[in-house]
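Coordinates in review
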Amino acid sequence: MRTRPLDLVAPALVTALLIGCGGSTPAPTAATASAAPTEAPAGRATQPEFDAAQDESSASDAKREEAAASAPDAAPAAEAAPPPALPVAAAPVAPSPGPAQSRATKAGAAPGADARVRVTGGAPAPKKAPAPAATAVARPAAPPPAVAVTAPEPQGSETYRDYGVNPVEDPAKDRLSTFAIDVDTASYAIARRKIMDGALPPVQAVRAEEFLNYFDYGYASPATGPFAVHLAAAPSPFTSGHHLVRVAVQGKRVPVKERTPVHLVYLVDTSGSMQSPDKIELAKKSLKMLTDTLKPGDTVALCTYAGSVREVLAPTGIESKGKILAALADLTAGGSTAMSSGIDLAYSLAERTLVKGHVNRVIVLSDGDANVGPTSHDEILKTIKRARDKGITLSTVGFGQGNYKDLMMEQLANQGDGNYAYIDSEAQARRVFSEQVGGMLQVIARDVKIQVEFDPSFVKSYRLIGYENRDVADRDFRNDKVDAGEIGAGHSVTAIYDVELKATAPKGEGATPVVVRLRHKAPLGSNTAEETLVKMAPGAVAPTFDAAPADFRFASAVAGFAEVLRHSPHARSWRLADIEKIARAAASSKGDQQEFIGIIRRAGALAHGKTNAVAVNAD
C-alpha cells in the first residue's frame, strides 16, 4: 500500500532480515535495553516535553535549541527546571532526514529512502552506517536524565524505522500536499501495549496516521461511488493563531451477502520465537475468528514456516470449516525462521484458487523475526510484487514483543498492497478479524492518492501531521503507473493539517482555502484512474475549537497524542493533560475511545516516573 520503489525498499529490508542471521540474541538486561540508541531526524527533540520542562545535559540542550530553531512554530525554549525525580537513561542522537528530505521527496525523490532504523539489542556498531537505511545496535550511552525509557525486552531486539516529521510548507512556494492513502493501524496497537505494560513506546514506533486511522469516527457513508470526503476545520487547541484542518475519506460499507468471494492463504510463522501464548496461541484464535466470518464460495489454505516450510491444508472450501479449524488447532511453534520459502509456498497455494474478479490474499501472521532464508532477501519483495501484479495481495498481522520486527511487517504489507495490523489481545483480534474484517476481505478502490491544495491567498503555512512514508511527488498524482494505497469496505482515512491562516482572505463566490482531489482505480478492470474534487467553503471553518464537531475534536486529540509521543519539534509546548481534556470532552461511548482517555493519562504518569514507569541508570 505504499509508494516506495522496490530497489529502495529492499536494502532496508535486507538489513532488518539479516540482523538475526547469526543465531539467537542474548536477552538484554534492563540497563542495556534502556541504553539502546534512538536515531531521530535532525530537528526532532530527543525527549518529549510532556507537561513539565526537563533538565538535560548541555549536549542535549544544544541539540534541542537547534531543533527548536529549525521549527518555525516551535515554542520558545523553557527556562531552567528542577532536575527530574528519577534518573533514567537516554539514547544518543544520530542525524536523519528532516525537512530537506521531505522536500526532496516532493520533488520526485524516493520517499523514505534515507529514513533511519532503530534496533534494540545486538552487538556494537558504528554511529553512522553507509547504507541508505542505517541500522543501529545497542552500545553503552551517557545517562542524561529523561522522562521515561523503553521497558527492558525479554529477548532479542525490536526494529522500527523513523520516517521523520513533515516540515512546515509555504503555499506560495508549494501549494500541493500529495500522499497515498493509508489504512494501517498497527502503530497505535503497539504503542498502547507498551504504555499498558509500563513504558512509553519508542518514538520510531509512532506513526501518526496509524493512530488516527485506528478509530472509527462515524463518518457518513457515500451516497454514490466508493467513498465520501468530509472536510472540517477549527482553531487549534494546541498552537495560538493556528487552525487544524481535517480531511477524511469514508469507504462504502458492503453487506456480507454482497461481498465478493475471497480465497485466503494463512501463512503462519511457527518458528521458536513464536512459542509464547501471546504469539502462536493468539494467532490461532485470530484465524479461527476470521474463518468464522467466511461464507460459502470462500476458500482457505494453510501453510507454515519455521526451519522448513509445510503445506498444512490445501485450498479448502468454507463448507468444510471443521477441517480448517482442526488444522489450525494442531499448529505448534519451534525452530528457526525461513520466511522467504514460506512466502513462496503461500503464493503457490494462492495461484491454485486465483479467480479473476475474486479477492485473492495471503495473510502473514508473525513477529517478523526472520533469521534463516536466501542470502538476498530482496527476492522476498520481488516475489510479492510479481504476485501483486497477478492479483494476489498480501496483508500482515503482527504478534508479540521483545523481538518484534515492525519494519519487516510494515514493508511486506507495503509491497503486497495489503494492510498491516498488530494483535496484542483477544479483544484486538476480534476487532480486526470480526468487527472490521470487511475492510480486509472486500476491496472497493485501488491506488488511492490524495492531493490537498492550499490557496496562498488564505493560507500562510501548512503542515501534514503524519503520512511521512506515504509521500508522493506532486507530479505523480496523475501518473497512474505509480502504486498507491488500497481502500477496503468500511475503511476510513483521516488526515489532519496544522495550518496558519492569513489575517485577511478573499471573499466571494468560488473563494476556498482548501481543495481536495482524490484519484483512484476501480477494484477490478481498467487501470485508468478516476478523479474526484471537493472544495472547502470558507464558512466551513468553525469559529472556535469547542464549536467543531465531536469527531473532529477527538481526532485532534489523537493527532496531538501521537505528536507528543513521537517527540515532534512542533509539539514541544503541547501538554498531555490538555490532550486528555480534549479527548474526554469529545469521546463517544465506544470502548476504544474511552480506553484512549486512560492511555493518555497513563502515558502522562509514565512521563513523570509514576505508575510503573521504568527508570534505570546506564552503566
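Note that the structure is predicted; figures quoted are calculated from it, not measured. (Residues numbered from 1 in each chain as written. Predicted model: local features only at pLDDT ≥ 70, side-chain atom pairs only at ≥ 80, totals over all residues. Heavy atoms only, no water.)

**With respect to the overall build of the protein chain**
Assigned secondary structure in the protein chain consists of 16 helices and 17 strands. For the protein chain, the proportion of contacts with a sequence separation of at least 24, taken over those separated by at least 6, is 82%. Here the protein chain has roughly 22200 Å² of accessible surface; of this, 54% comes from carbon and sulfur atoms. (Helix = DSSP H or I, 4+ residues; strand = E, 2+ residues; numbered from the N terminus. Contact = heavy atoms within 4.5 Å. Areas by Shrake-Rupley, 256 points an atom, 1.4 Å probe, with all protein chains shown as cover.)

**Brief notes about the pairing of strand 8 (residues 309-317)**
Bridge count for strand 7 (residues 299-305) against strand 8 is six bridges, and the pairing is antiparallel. For Cys 303, the partnering residue across the bridge sits in strand 8 and is Glu 311. Taken together, strand 7 and the strand that follows it, strand 8, pair antiparallel across an intervening segment of three residues. (Pairing = 2+ DSSP bridges.)

**Topic: the sheet that holds strand 6 (residues 262-269)**
Taken in spatial order, the six strands line up as 8-7-6-9-10-11 in an open sheet, and their pairing is mixed. Looking at which strands have only one partner, the edges of the open sheet turn out to be strand 8 and strand 11 (420-423). Within this sheet the neighbouring strands show an average axis-to-axis angle of 20 degrees, counted without direction. Relative to strand 7, strand 6 runs parallel, the two being bridged by seven bridges. Bridging from a neighbouring strand, Tyr 266 pairs with Leu 302 of strand 7. Each of strand 6, strand 7, strand 8, strand 9 (359-366) and strand 10 (392-399) touches helix 9 (residues 339-352); the most contacted strand, strand 8, lies at about 20 degrees to it. Together, strand 10 and strand 11 form the strand contacts of helix 12 (residues 426-435), whose direction differs from that of strand 11 by roughly 150 degrees. (Axes fitted to C-alpha atoms, helices over the stretch in contact; angles between N-to-C directions.)

**A look at the confidence of the model for the protein chain**
Per-residue confidence for the protein chain gives a mean pLDDT of 78, with 71% of residues at or over 70. Low pLDDT (under 50) marks residues 109-116, which in the prediction has 39 contacts with non-local residues, meaning those over four places away or in another chain. Low pLDDT (under 50) marks residues 120-155, which in the prediction has 117 contacts with non-local residues, meaning those over four places away or in another chain. (pLDDT = per-residue confidence, 0-100.)

**Considering the environment of Thr 299**
Among the structural elements, Thr 299 can be located in strand 7. The exposure class of Thr 299 is buried, given its relative accessible area of 14%. A sequence separation of 25 residues divides Thr 299 from Ile 324, and the C-alpha atoms of the two residues are 9.7 Å apart. When residues no more than four places from it in sequence are discounted, the contact partners of Thr 299 are Val 262, His 263, Leu 264, Thr 316, Gly 317 and Thr 353. Only 2.8 Å separates the side chain of Thr 299 from the side chain of His 263, close enough to count as a polar contact. (Buried < 20%, exposed > 50% of the residue type's maximum accessible area, 1.4 Å probe, protein only. Polar contact = N/O pair within 3.5 Å; in protein donor to acceptor, adjacent residues only side chain to side chain.)

**Quick word on the packing of aromatic side chains**
Within a pair of aromatic rings, the relevant descriptors are the distance that separates the centres and the angle that separates the planes. Counted under the stated rule, the structure contains 19 aromatic pairs. When the ring of Tyr 404 is compared with that of Tyr 422, the centres are 5.2 Å apart and the planes differ by 75 degrees; the resulting orientation is edge-to-face. You can see Tyr 404 sitting in the loop between strand 10 and helix 11 (406-416) and its partner Tyr 422 sitting in strand 11, a full 18 residues away along the chain. Side by side, Tyr 404 and Tyr 422 carry an identical accessibility label, which is buried. Taken together, the ring pairs in this structure connect Tyr 188, Phe 211, Tyr 214, Phe 215, Tyr 217, Tyr 219, Phe 554, Phe 561 and Phe 596 into an aromatic cluster. (Phe/Tyr/Trp six-rings, centres within 6.5 Å; stacked < 30°, edge-to-face > 60°.)

**With respect to the nonpolar core**
Among the nonpolar cores identified, the biggest contains 46 residues, and Phe 211, Phe 554, Phe 561 and Phe 596 are the most heavily contacted of them. Counting only elements with at least two residues in this core, the list comes to helix 5 (186-196), helix 6 (208-212), strand 4 (227-235), strand 5 (243-251), helix 14 (550-565), helix 15 (576-586) and helix 16 (591-607). Ranked by residue count, the leading element in this core is helix 14, at ten residues. Ranked by size, the runner-up nonpolar core spans 34 residues in total, among them Leu 290, Leu 331, Val 359 and Val 437. (Core = buried A, V, L, I, M, F, W, Y, C linked by side-chain atoms within 4.5 Å.)

**Describing the pattern of salt bridges**
For the coordinates displayed, the defined rule picks out 40 salt bridges. Residue Asp 278 is joined to Arg 193 by a salt bridge in which the shortest nitrogen-to-oxygen separation is 2.6 Å. Placement of the pair is Asp 278 in helix 7 (residues 277-292) and Arg 193 in helix 5, with a sequence separation of 85 residues. Members of the salt-bridge network, linked through shared partners, are Arg 463, Glu 468, Asp 498, Glu 563 and Arg 566. (Salt bridge = Lys/Arg side-chain N within 4 Å of Asp/Glu carboxyl O.)

**As for the pairing of strand 12 (residues 443-454)**
Most of strand 12 sits out of view: eleven of its twelve residues are buried. Pairing between strand 3 (residues 176-180) and strand 12: five bridges, direction antiparallel. When the sheet's bridge partners are listed, Ser 177 is paired in strand 12 with Val 452. As judged from the three bridges shared by strand 12 and strand 14 (residues 485-488), these two strands associate in the antiparallel manner. Each residue of the ladder has a partner; that of Val 448, found in strand 14, is Gly 485. In this sheet, strand 16 (residues 514-521) lies alongside strand 12 in antiparallel orientation, the contact comprising seven bridges. The residue of strand 16 that forms the bridge with Phe 454 is Val 514.

**Some details on the environment of Asp 269**
Relative to the helices and strands, Asp 269 resides in strand 6. Judged by its relative accessible area of 0%, Asp 269 falls in the buried class. Taking the C-alpha atoms as reference points, Asp 269 and Ser 336, 67 residues apart in sequence, are found 9.7 Å from one another. A polar side-chain atom of Asp 269 sits 2.7 Å from a polar atom in the side chain of Ser 271. Looking at Asp 269, its side chain comes within polar contact range of the side chain of Ser 366, at 2.8 Å.

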